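Analysis of the macromolecular model
Spelled out, the chains give:
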Amino acid sequence: MIVLVATVVGALGVIASLIFNGWQARQILKQIRLQNSVAGLSGTHQPMELLHGVLRTILDKPALRPFFYEGTPLPSTPDELRWQVLTVGEMLGDVLEVGLYHTKEIKATGAYEDWFDYASFVMRQSPALNHLVREHPGWYPKLVPLLTGDEQAGAAGVPSLPGR
């Protein structure tokens, strides 16, 4: 009789332990989902904040916008406007790199295609940014594949990245 009681109590202990382990596993899954959501938010938030900083600069100097969104060529005269365009181009190139990297590496963002589309658009519309990527392909490796036509060949020594 004592053996039977001990066996039943032991079995109940095992069952209670399994139920508790199941509950713990569900809590861990909830925590993992929450952490992935936070990582996704962070992976989207930082590049957006950086982009807004560049856009504020362009807002303060509206004459710069056509060089990045309307296909206006980089000024050839080495004057203040050229240096402003190149500086903002470096900033925008950095932001696009960060955006493409974060959203590709942190899958929970779900925003890689959006950043890829935006980066592709800016690269098509900005001869100034194309100039910078061509001159410094090591600074912008994720933008090199977005160079158009002969410009990609001009980024010597940098292989195209496979896929997107």
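These numbers come from a predicted model, not from an experiment.

**Some details on the nonpolar core**
Of all hydrophobic cores here, the largest spans 31 residues; its most connected members are Phe68, Leu92, Leu96 and Leu143. Listing elements by their share of this core, those giving two or more residues are α1 (2-60), α2 (66-69), α3 (80-105), α4 (112-125) and α5 (127-135). Top contributing element to this core by residue count: α3, with 7 residues. Beyond its immediate sequence surroundings of up to four residues, Phe68 is in contact with Ile58, Val85, Val88, Gly89, Leu92, Val122, Gln125, Ser126 and Ala128.

**So, the confidence of the model for the protein**
On average, residues of the protein score 84 in pLDDT, and 85% of them reach the 70 mark or higher. When pLDDT is averaged over each helix and strand of the protein, the minimum, 48, is found for helix α6 (residues 150-153) and the maximum, 97, for α2.

**Regarding the side chain of Arg82**
Within the secondary structure, Arg82 sits in helix α3. The charged side chain of Arg82 is buried without a salt bridge, its nearest counter-charge being Asp79 at 6.9 Å. Beyond its immediate sequence surroundings of up to four residues, Arg82 is in contact with Leu74, Pro75, Ser76, Thr77 and His131.

**Here's the deal with the packing of α3 against α4**
At a minimum axis separation of 8 Å, α3 and α4 run at an interaxial angle of 155°. The pairing of α3 with α4 is recorded here as roughly antiparallel in orientation. In the crossing of α3 with α4, the sense of the turn from one axis to the other is left-handed. Across the interface between the two elements, Leu92, Val95, Leu96, Gly99, Leu100, Thr103 and Lys104 from α3 touch Tyr112, Trp115, Phe116, Tyr118, Ala119 and Val122 from α4.

Reading the values: rules and limits
Residues numbered from 1 in each chain as written. Predicted model: local features only at pLDDT ≥ 70, side-chain atom pairs only at ≥ 80, totals over all residues. Heavy atoms only, no water. Core = buried A, V, L, I, M, F, W, Y, C linked by side-chain atoms within 4.5 Å. Buried < 20%, exposed > 50% of the residue type's maximum accessible area, 1.4 Å probe, protein only. Helix = DSSP H or I, 4+ residues; strand = E, 2+ residues; numbered from the N terminus. Contact = heavy atoms within 4.5 Å. pLDDT = per-residue confidence, 0-100. Lys, Arg positive; Asp, Glu negative; His and termini not counted. Salt bridge = Lys/Arg side-chain N within 4 Å of Asp/Glu carboxyl O. Axes fitted to C-alpha atoms, helices over the stretch in contact; angles between N-to-C directions. Parallel < 35°, antiparallel > 145°, perpendicular 65-115°, else oblique. Left-handed = near helix turned anticlockwise from the far one by under 90°.

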